[in-house]
Structures are given as structure tokens and as C-alpha cells.
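Residue-level structural notes
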Amino acid sequence: MSLYLKQIEQLVALQRVDSEIIAIKKGMEAAPKEVDALREEFAKLQAAKAQIEEKMQYLLEQAKRVDVEITDDSLKIKKSKNKLMMASNTKEYHAMMREMDNMEKLNRMREEERATLEEELTRQRTAEAAINEELQKFEALLKEKADSLQARTEDAQIRLGQLDNERRAAGGNVPPPVLSRYEFIRSRLAAPVIVPVTAGICSGCHISIPPQSFIELQKGTQILSCPNCQRLIYWCEHFQTEEDAAEDTGRDV
Ligand SMILES: [Zn+2]
């Protein structure tokens, strides 16, 4: 293998390490957001549950009040019934009857109110049960995600450490001027830094290489940059990554 091809190979290896570092860092940024989103949903459910509980508290108080009123009035009606016997004349008797009727009417209304309150309570209890179930599911999911996030973060830290070593090893084999060109491009452009030119087109910016540069590239004597995007380029016929080779095999089948 020529020195030129060896350099290309090492730069591609360096690029592969850098791509993995970028992917891991991106994954590490995204994962906590996922857990945060779940926590937010969980908090919303808890707020909804608190609201239901507040509503139920109010309904129970109302039901208690109505119950007391019904009991009190039932007692009053019972007393009035006893007093009826003691009515001294028809006029007084009718007046007492009317009063009793009114009290009974009022109590029937209270019974209706009580039934309505009970219906509403049943509705709220059903809603609360549903929310409790949802909360339980979320709690389990959150725990699972938080645990896996921690495990993934630990794995990622270990892998990043390994990659750091690989990077130093790969970089160590590239001549310093080429390496500094690589680092210069890496600091200014989105990955990748080194790309193949296929059918005269730079796969970094997808623009044709001028014919003169393409001829120069095909000679394979020095590391060139794409005149358009400045990325380091190599001719796809000179060098194939394992991924490209696998893709070619796939196409042939
Ligand atoms: Zn380009």
C-alpha cells in the first residue's frame, strides 16, 4: 500500500472514531430529555389527580351537609306528626299539615340533590381510579428509563474513554500537517471530514469536482480537499471503507 493510501486509510479510521464520538454525545444529550419529558407528563397526571381529589373533597362535604339536613328535617317531620294529634282546631291542623308538606317536599329535593352528588362522586372515583392506573404505569416506565439512562451514560463514558485512546492512536500515524488540516476542517464543518469522491462528485457537499482536480485526485499522490466544501477527499476506486464494500456486495446480490 502506498504512503498516500495509508494516510487515507488512517484518516478514515480517525473519521470513524470521531463519528462514533459525535453519535455517543448526541445520544447522551437526547436521553435525559426523554426522561424529562416523561417526568413532565407524570407531573401533569399528578396535578390532574390533585384536582380530582379536591373536587371529591368538596362533593363529600356537600353530601355530608345534605345528609345532616335530611336527618334534621326527618326528625322535625316526625315531631310535627306527633304534634298533629294535639292540634286544637281544624285551622291549626291544616296549618301544621301544610308545614309538614313543605318540609317533606324540601326533603325530597334534598334526596334528589344527594343522589346527584352521589352520581358525581361515582364519576370522580372512576376518573381517579383511571388516573391512578396511569400514574402507576408512568412510575414504572420512569424508573425503567432512569435506570437505563444511568446504565447507558456509564457505558457511553467507558466507550468515550476507549475512543479517546483510539483517536490518539489513529491520529498518531497521520503526518502532522495533514492531521492539522483534518482538525481545522473538523472544527469548522459538520462531520464527516474526509469523504469519497464517486463518479466525480464529492459525497460531502454533493457537487462535482472540477475535472483538473479530479485528474489530480486519481493520481493518488497527495491529500486533496474538495474545492467547494474544503473536506478532505479521496477517489472511491482508490480506497473503500468496510461499509462501502459491504454495500457493494449487497448490490451485487
Ligand atoms: Zn465537497
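Our subject in this report is the structure included herewith.

Topologically, Trp235 is positioned in strand E4 (residues 232-235). Separated by 169 residues in sequence, Trp235 and Val66 have C-alpha atoms that sit 88 Å apart. Ignoring anything within four residues of it in the chain, the contact list for Trp235 reads Val197, Phe214, Leu217 and Gln218.

The next thing to look at is the coordination of the zinc ion. In this structure, Cys202 (SG), Cys205 (SG), Cys226 (SG) and Cys229 (SG) serve as the protein donors to the zinc ion, at separations of 2.3 Å. Seen from the zinc ion, its four donor atoms lie at angles of 105 to 114°, and the figure they make is tetrahedral. In primary sequence terms, the donor set of the zinc ion follows C-x2-C-x20-C-x2-C. Separated by 27 residues along the polypeptide, Cys202 in strand E2 (residues 201-202) and Cys229 in the loop between strand E3 (224-225) and E4 bring together distant segments of the chain. Of the two residues, Cys202 and Cys229, both sit in the buried class.

What follows concerns the pattern of salt bridges. Pairing between side chains becomes possible if they bear opposite charge and their charged atoms approach one another. Counted by the stated rule, this structure contains 23 salt bridges. Glu134 serves as the salt-bridge partner of Lys137, at 3.9 Å between the closest nitrogen and oxygen. With Lys137 and Glu134 both in helix H2 (residues 90-172) and three residues apart, this pair spans about one turn of that helix. Residue classification places Lys137 among the exposed positions, given a relative accessible area of 51%. On the basis of relative accessibility, which here comes to 32%, the residue Glu134 falls in the partly exposed class. A salt bridge links Arg168 to Asp164, with the nearest nitrogen and oxygen atoms 3.0 Å apart. Note that Arg168 and Asp164 are positioned in helix H2 at a spacing of four residues, about one turn of the helix. Using a relative accessible area of 37% as the deciding quantity, one classes Asp164 as partly exposed. Taken together, the shared-partner salt bridges in this structure form one network comprising Arg65, Glu69, Asp73, Lys76, Arg110 and Glu113.

Applying the stated criterion to the full structure yields two aromatic pairs. On the numbers, 6.3 Å between centres and 90° between planes, the contact of Phe214 with Trp235 is edge-to-face. In this pair, Phe214 is assigned in helix H4 (residues 211-219) and Trp235 in strand E4, connecting sequence segments 21 residues apart. You can call Phe214 buried: its relative accessible area is 17%.

Turning our attention to the layout of surface pockets. Quantified by volume, the largest pocket comes out at close to 280 Å³. Surrounding the largest pocket, 13 residues form its lining, Gln15, Pro192, Ile194, Tyr234 and Thr241 being those nearest its centre. Secondary-structure elements contributing two or more residues to the lining of the largest pocket are helix H1 (3-84), strand E1 (194-198) and helix H5 (242-252). Residue contributions to the lining of the largest pocket peak at four residues, all from H1. Class assignment for the residues of the lining of the largest pocket results in six nonpolar, four polar and three charged.

Compared with an ideal rise of 1.5 Å per residue, which puts 13 residues at 18 Å, helix H3 (residues 176-188) spans 18 Å between its outermost C-alpha atoms and is within 8% of the ideal. Taken together, the buried positions of H3 are occupied by Val178, Tyr182 and Ile185. One side of H3 carries all its buried residues, which in axial view fall inside an arc of 70°. Seen from the buried face of H3, the exposed residues on the opposite side, beyond 90 degrees, are Pro176, Pro177, Ser187 and Arg188.

Strand order in the open sheet formed by four strands is E2-E1-E4-E3, with mixed pairing between adjacent strands. For this open sheet the edge positions go to E2 and E3, each flanked by a neighbour on one side alone. As paired elements, E3 and E4 share two bridges and run antiparallel to each other. Its bridge partner lying in E4, Leu224 is registered against Ile233.

How each quantity is defined
Residues numbered from 1 in each chain as written. Predicted model: local features only at pLDDT ≥ 70, side-chain atom pairs only at ≥ 80, totals over all residues. Heavy atoms only, no water. Helix = DSSP H or I, 4+ residues; strand = E, 2+ residues; numbered from the N terminus. Contact = heavy atoms within 4.5 Å. Donors = N, O, S within 2.8 Å, 3.2 Å for Na, K, Ca; no water. Tetrahedral: all angles 85-135°; square planar, octahedral: opposite > 155°, others 65-115°. Buried < 20%, exposed > 50% of the residue type's maximum accessible area, 1.4 Å probe, protein only. Salt bridge = Lys/Arg side-chain N within 4 Å of Asp/Glu carboxyl O. Phe/Tyr/Trp six-rings, centres within 6.5 Å; stacked < 30°, edge-to-face > 60°. 1 Å grid on protein atoms, 1.4 Å probe; cavity = no way out; pocket = protein on both sides within 12 Å on 5 of 7 lines; lining within 4 Å. Points joined across faces, edges and corners; volume = space filled by probe spheres on them. Nonpolar A, V, L, I, M, F, W, Y, C, P; charged D, E, K, R; others polar. Expected span 1.5 Å × (residues − 1). Arc of directions from axis to C-beta. Pairing = 2+ DSSP bridges.

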